Amino acid sequence: MRPLDEITDAVLEYHPEADVDIILDAYLFSAKAHRGQSRQSGEAYLSHPVEVAYNLTRLKMDEKTVAAGLLHDTLEDTLATEDEIKELFGDEIYHMVDGVTKISQVQFASWEEKQAENYRKMILAMAHDIRVVLIKLADRAHNLRTLESLSTEQQRRISKETLDIYAPIANRLGIGWLKAELEDGSFRYVRPEKYKSIVNRMDQGEEERKVLVTTVCEAVEKELAAAQIQGVVTGRSKHYYSIFKKMMLQQIDLEDVYDLIGVRVITDSVKDCYAALGLVHSLWRPIPGKFKDYIAMPKPNMYQSLHTTVNGPNGQRVEVQIRSKEMHKVAEEGIAAHWQYKDGDNKSKKQDDHLSWVRHLLEAQSEIKNPKDFLNAFKVDLFFQEVYVFTPEGEVIALPRGATPVDFAYQVHTDIGNHCLAAKVNGKIVNLKYKLKNGDRVEILTSKQKHPSRDWLSFVKTSKARSKIIHYVNHREREKSLELGREILETEIRKYGFNPAEVLKGNALDEALHAAGLNSLDNLYTGIGFGRTSVRHVVDKLLPKKTLEEFAKQSPTVKVRESSEPRESGGIKVRSFGDNMMLRIGKCCNPVPGDTIIGYITRGRGVSVHNVDCPSMMSLAGETERLVEVEWDTTHKMPFPARISIVTEDKPGLLAKISITVSECDVNMTRANVQTGALKRAYFDLSLEILDLDHLNRTLNAIRSIPGVIHVERIKEYSKKVSRKKQGEDIEEDAGPSEETGVWVN
């Protein structure tokens, strides 16, 4: 087991003012708490917290963090209590130990949910005290080194979790050595055959690569000395997992990975970095497209360096990284390189700036409740390849590759995203779906009347933009559905002659809510508006059964006054053929203003109005004496019923979108029937109240524009009785619908 002196000496080397007594106290407490315990490998359990503490010294952590590393398993795996930790070591160390413990103790319903919840815990820990995360990373690094004693299933589970969660976080924090260690340690168990294959083949060419590294390093050192540039040159082979990732990404074999070695040049200044780059390119020809300037454009994890790949000695490719001493410190230690050793102040402004990505993810977490959605959003933010664009003021914004002006708008400010009208890129108007490129200068044009569209979700890339759009659209659709549902329900209640304000209270409302499985009137309105709750079933609970039964037997009738001139109704002009004659609009063809119509005088049921091409009328060619001229009254607008059929993809929420679109066209929906069928299709049968044919066509066109809608058409439901009409039978018995709509004619 590693001696404690090795840990305290390491702390004093980089932090001479450290109070290492607290590390000694933590060691003694941990030794006592873990006495008699052993790991599955057979080692004393104390060896694990000691190695975790040593890993933290490699991260150059303060003495309190190292002490917390020694104590990190005491709350979970021993009889030690929270009060003991607080009393002996103080609240600061206790909170770090407690944070690590909580990350490890959460139980999950599925592995995918476990990943998502781990990400949540990690982010919360980062926002509160990033040292909790660093302890967990140090813990995982040592666990990977001791997986041999575990079962194959445990090895694969822990290793996959490390690749999916911990290695990316180490990378995001800029801790290069720890990322490489976590990846190679996990790769060994996740893909054991690939790992062994790469290790064996790398071992075979090890001597040849050593000679190449020595040759390149000596050549670069000679050039630096001649140019009087101070610098240290080192070489190494790439670590195994990075080779494997390159093989998978480019779909190539190991023999085709040419840049298996890397050379690193560390200088004193930025000026010397660029000078060294020129010297390297003077020695060997650079490979086109293989140069990256991360000094001018740092990565979000603070990484800075110049990367170039050259055709080295004997035509063998070599990757060269050039950076200053300070950049190298950041590249190896990441955010820990900026740690401030100040009493009571463990966060600097610089750190807060570098942790802005954590705040963005926290915002996303607050608005994305589904673990799967959150996991996808977080993976985007962890694994993106950056594209760098400029604001009009020249500020650099880093975004995922493939990001759009909408992503840019939300990155700048939520209000700018929510009111994004258009975008200019390099002075020219572009589509909002335009994929931003490195160096683009982006300007967002806004309007208070413009709001996010659900369509934006099909092309935005950042989790921040996606979460803000979902939040806004869901809120807006709920408001629209609530308003639509209220209108539908109140209209239905008034149809029976009742006052909605009187009906929608008391025991009847409670019964209706209970039957619908809801707890408030607003939720009832929203359910009706979204199409999840049947207004017919609600009315059955709200109104007396006797009233409903009587109403079902009745049909609204109206009288036509006798006149030699056309009489105007609220929607139809008709010539009278006698007193007390009723006018009915047949639902067999559902005529609406704009259709060519004709009237038919029935026996005992007034004038029945139909489309001229209705089969009911076409079958009456020999009974012209009973036909009457009718026409639409264009001076008075009133709603008329119309039925439409819609075929869509079978996706959740389409009824809500259709309802909102119908409402935005100033159309009232009185009935909705939805069924699902084969080939993942949904079939909608809707009854609407429209003003005229143009109004209906505008509504149909608006519905056609909804993503997921396949086909829309108006329904003219001709009666089947017509085809069974016998010679000499009268129309009021056989033609027309089973239901008709009456309109008043004065």
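Sequence positions are assigned chain by chain, starting from 1 and proceeding in written order. The predicted origin of the model limits local features to residues at a pLDDT of at least 70 and limits the giving and counting of side-chain atom pairs to 80 or more, whereas totals for whole chains, interfaces and linings rest on all residues. Water and hydrogen atoms play no part in the side-chain values, which are based on all heavy atoms of the structure.

S.K.: Is there a simple way to explain the overall build of the protein chain in this structure?
M.R.: Assigned secondary structure in the protein chain consists of 30 helices and 22 strands. Contact between two residues is taken to exist if any of their heavy atoms lie within 4.5 Å; hydrogens are not considered. Sequence-distant contacts, at least 24 apart, represent 66% of the contacts inside the protein chain between residues at least 6 apart. For every accessible area listed, the method is Shrake-Rupley and the probe measures 1.4 Å; residues are considered covered only by the protein chains on display. About 36,800 Å² of surface is accessible on the protein chain, with carbon and sulfur atoms providing 48% of the total. In this description a helix means any DSSP run of H or I spanning at least four residues, a strand means any run of E spanning at least two, and both kinds are numbered starting from the N terminus.

S.K.: Can you walk me through the pairing of strand β19 (residues 668-677) in this structure?
M.R.: The pairing of β19 with strand β20 (residues 681-690) spans nine bridges and is antiparallel. Within the sheet, the bridge partner assigned to Thr676 lies in β20 and is Ala682. In this scheme, strands are said to pair when DSSP sees at least two bridges between them. Connecting the antiparallel pair β19 and β20 is a turn made up of three residues, with Leu679 showing a positive phi of about 60°.

S.K.: Looking at this model, I keep getting lost on the packing of aromatic side chains. Mind explaining?
M.R.: In this description, an aromatic ring pair is defined by two values, namely the gap between the centres and the angle between the planes. Centres within 6.5 Å make a pair out of two Phe, Tyr or Trp rings, where for Trp the six-membered ring is used; the pair is then stacked when the planes are under 30 degrees apart, edge-to-face when over 60, and tilted otherwise. This structure, assessed with the given rule, holds seven aromatic pairs. Both rings, one in Phe29 and one in Phe89, keep their centres 5.7 Å apart while their planes meet at 85°; by these two values the pair is edge-to-face. Placement of Phe29 in helix α2 (residues 21-33) and of Phe89 in helix α6 (residues 82-105) is noted, with a sequence separation of 60 residues between them. Here the term buried applies to any residue with accessible area under 20% of the maximum for its type, exposed to any over 50%, and partly exposed to those in between, with areas from a 1.4 Å probe on protein chains only. By relative accessible area, Phe29 is classed as buried at 13%. Looking at Phe89, the relative accessible area reads 10%, which means it is buried. Chaining the aromatic ring pairs together yields one cluster made of Phe187, Tyr195, Tyr240, Tyr241 and Phe244. The ring of Tyr294 has Lys299 lying over it, and the distance from NZ or CZ to the ring centre is 4.8 Å. It is Lys299 that lies over the ring of Tyr303; its NZ or CZ is 5.3 Å from the centre. The criterion for a charge sitting over a ring is simple: Lys NZ or Arg CZ within 6 Å of the ring centre, and within 35 degrees of the ring normal.

S.K.: What should I look at first to understand the pattern of salt bridges in this one?
M.R.: Should the charged atoms of two oppositely charged side chains come close, the side chains can pair. Only one rule defines a salt bridge in this text: a Lys or Arg side-chain nitrogen within 4 Å of an Asp or Glu carboxyl oxygen. Applying the stated rule across the entire model yields 25 salt bridges. Salt-bridge contacts for Glu161 lead to Arg140; the nearest nitrogen and oxygen are separated by 2.9 Å. Note that Glu161 is positioned in helix α9 (residues 152-172) and Arg140 in helix α8 (residues 131-145), a separation of 21 residues in sequence. By relative accessible area, Glu161 is classed as buried at 4%. Among the residues examined, Arg140 registers a relative accessible area of 8% and is labelled buried.

S.K.: Could you clarify how one ought to interpret the nonpolar core in this entry?
M.R.: As a rule of thumb, soluble globular proteins bury nonpolar side chains together. Core analysis: the biggest nonpolar cluster contains 56 residues, and Ile23, Ile93, Leu137 and Leu182 have the highest contact counts within it. At the level of secondary structure, the elements contributing two or more residues to this core comprise α1 (4-14), α2, α3 (47-58), α4 (63-71), α6, α8, α9 and α10 (176-190). Contact partners of Leu137, with chain neighbours within four places excluded, come to Tyr166, Ile169, Ala170, Leu173, Leu178 and Leu182. Residues grouped as a nonpolar core are buried Ala, Val, Leu, Ile, Met, Phe, Trp, Tyr and Cys residues, joined through side-chain atoms within 4.5 Å. If you look at the next biggest cluster of nonpolar residues, it comprises 29 residues, including Ile585, Ala682, Ile690 and Val709.

S.K.: Would you mind going over the side chain of Thr57 with me for this structure?
M.R.: On the secondary structure map, Thr57 appears in helix α3. For Thr57, a relative accessible area of 5% gives the class buried. If near-sequence neighbours (up to four positions away) are discounted, Thr57 is found in contact with Ile7, Ala10, Val11, Tyr14 and Val66.

S.K.: It is not clear to me how the packing of α10 against helix α11 (residues 192-204) should be interpreted in this structure. Could you clarify?
M.R.: Pairs of packed helices are described in terms of their axes, by the angle between the two and the distance that separates them. The angle between two axes is taken between their N-to-C directions and runs from 0 to 180 degrees, where each axis is a line fitted to C-alpha atoms and a helix contributes only its stretch in contact. With their axes 5 Å apart at the nearest point, α10 and α11 run at an angle of 120° to one another. When the axes of α10 and α11 are compared, the pair comes out oblique. Here Asp184, Phe187, Arg188, Tyr189 and Val190 of α10 lie close against α11, whose contacting residues are Pro192, Lys194, Tyr195 and Ile198. Within the contact of α10 with α11, the residues separate by chemical class into six nonpolar, no polar and three charged. The cut-offs work like this: below 35 degrees is roughly parallel, past 145 is roughly antiparallel, 65 to 115 is roughly perpendicular, and the gaps in between are oblique. Lys, Arg, Asp and Glu make up the charged group, whereas Ala, Val, Leu, Ile, Met, Phe, Trp, Tyr, Cys and Pro make up the nonpolar group; the residues left over, Gly among them, are polar.

S.K.: Teacher, can you tell me more about the sheet that holds strand β9 (residues 428-430) here?
M.R.: In any sheet, the strands associate via hydrogen bonds between backbone groups, in a parallel or an antiparallel arrangement. Spatial strand order, β9-β8-β10: three strands in an open sheet with antiparallel pairing. Two strands bound the open sheet, and with one partner strand each, they are β9 and β10 (442-446). Averaged over all adjacent pairs, the angle separating strand axes in this sheet is 40°, with direction ignored. Across five bridges, strand β8 (residues 420-425) lies against β10 in antiparallel orientation. Across the sheet, the residue bridging to Val425 is Val442, located in β10.

S.K.: Could you clarify how one ought to interpret the environment of Asn426 in this entry?
M.R.: With respect to the secondary-structure elements, Asn426 resides in the loop between β8 and β9. A residue is classified by how much of its surface remains accessible, and Asn426, at 49% relative accessible area, is partly exposed. When neighbours within four sequence positions are excluded, Asn426 is seen to be in contact with Gly439, Asp440 and Arg441. Within polar-contact distance, the side chain of Asn426 engages the side chain of Asp440 at 3.1 Å. We call two N or O atoms a polar contact when they sit within 3.5 Å, provided that within protein one can donate a hydrogen and the other can accept it, with sequence-adjacent residues counted only if both atoms are side-chain atoms.

S.K.: Sorry if this is basic, but what is going on with helix α21 (residues 463-495) here?
M.R.: Helical geometry note: an α-helix holds 3.6 residues per turn, so side chains three or four residues apart project in the same direction. For a helix, the expected span equals 1.5 Å multiplied by the residue count minus one. With 33 residues, α21 ought to run about 48 Å at 1.5 Å a step, and its terminal C-alpha atoms sit 47 Å apart, in line with that. Following α21 by one or two positions, Gly497 adopts a phi angle in the positive range, close to 85°.

S.K.: Is there a simple way to think about helix α14 (residues 270-283) in this case?
M.R.: With 14 residues, α14 should reach 20 Å at 1.5 Å per residue; the first-to-last C-alpha distance of 20 Å fits that figure. Turning to α14, its buried residues are Asp272, Cys273, Ala276, Leu277, Leu279 and Val280. Looking straight down α14, one finds its buried side chains confined to an arc of 165°; they lie on one side. Within α14, the exposed residues directed more than 90 degrees away from the buried face are Lys271 and Ser282. Summarising the contacts, the buried residues of α14 are in contact with α12 (206-226), β2 (261-267), β4 (306-311) and β5 (317-324). Note that the arc is computed from the directions linking the helix axis to the C-beta atoms.

S.K.: What is the right way to look at the sheet that holds strand β18 (residues 640-649) in this model?
M.R.: Here we have four strands laid out as an open sheet, ordered β19-β20-β18-β21, and antiparallel in their pairing. Pairing within the sheet leaves two strands with one partner each, and these edge strands are β19 and β21 (709-715). Between one strand axis and the next, the sheet turns through 20° on average, direction left out of account. As judged from the 10 bridges shared by β18 and β20, these two strands associate in the antiparallel manner. What sits directly across from Arg643, in β20, is Ser687. Sheet contacts for helix α28 (residues 654-664): β18, β19 and β20; angle to β20, the most-contacted strand, approximately 20°.

S.K.: In this structure, what is going on with unusual backbone geometry? I would like to understand it.
M.R.: Backbone geometry follows two general trends: most residues other than glycine have a negative phi, and most peptide bonds adopt the trans configuration. Positive phi values are uncommon outside glycine, yet Gln228 reaches one of about 55°. On the secondary structure map, Gln228 appears in the loop between α12 and β1 (231-237). Classification of Gln228 as exposed rests on a relative accessible area of 74%. Of note in the backbone geometry, Asn314 takes a positive phi value of approximately 60° without being a glycine. On the secondary structure map, Asn314 appears in the loop between β4 and β5. By relative accessible area, which is 76% here, Asn314 ends up exposed.

Note that every value here comes from positions in space, so none of it alone points to a role or purpose.
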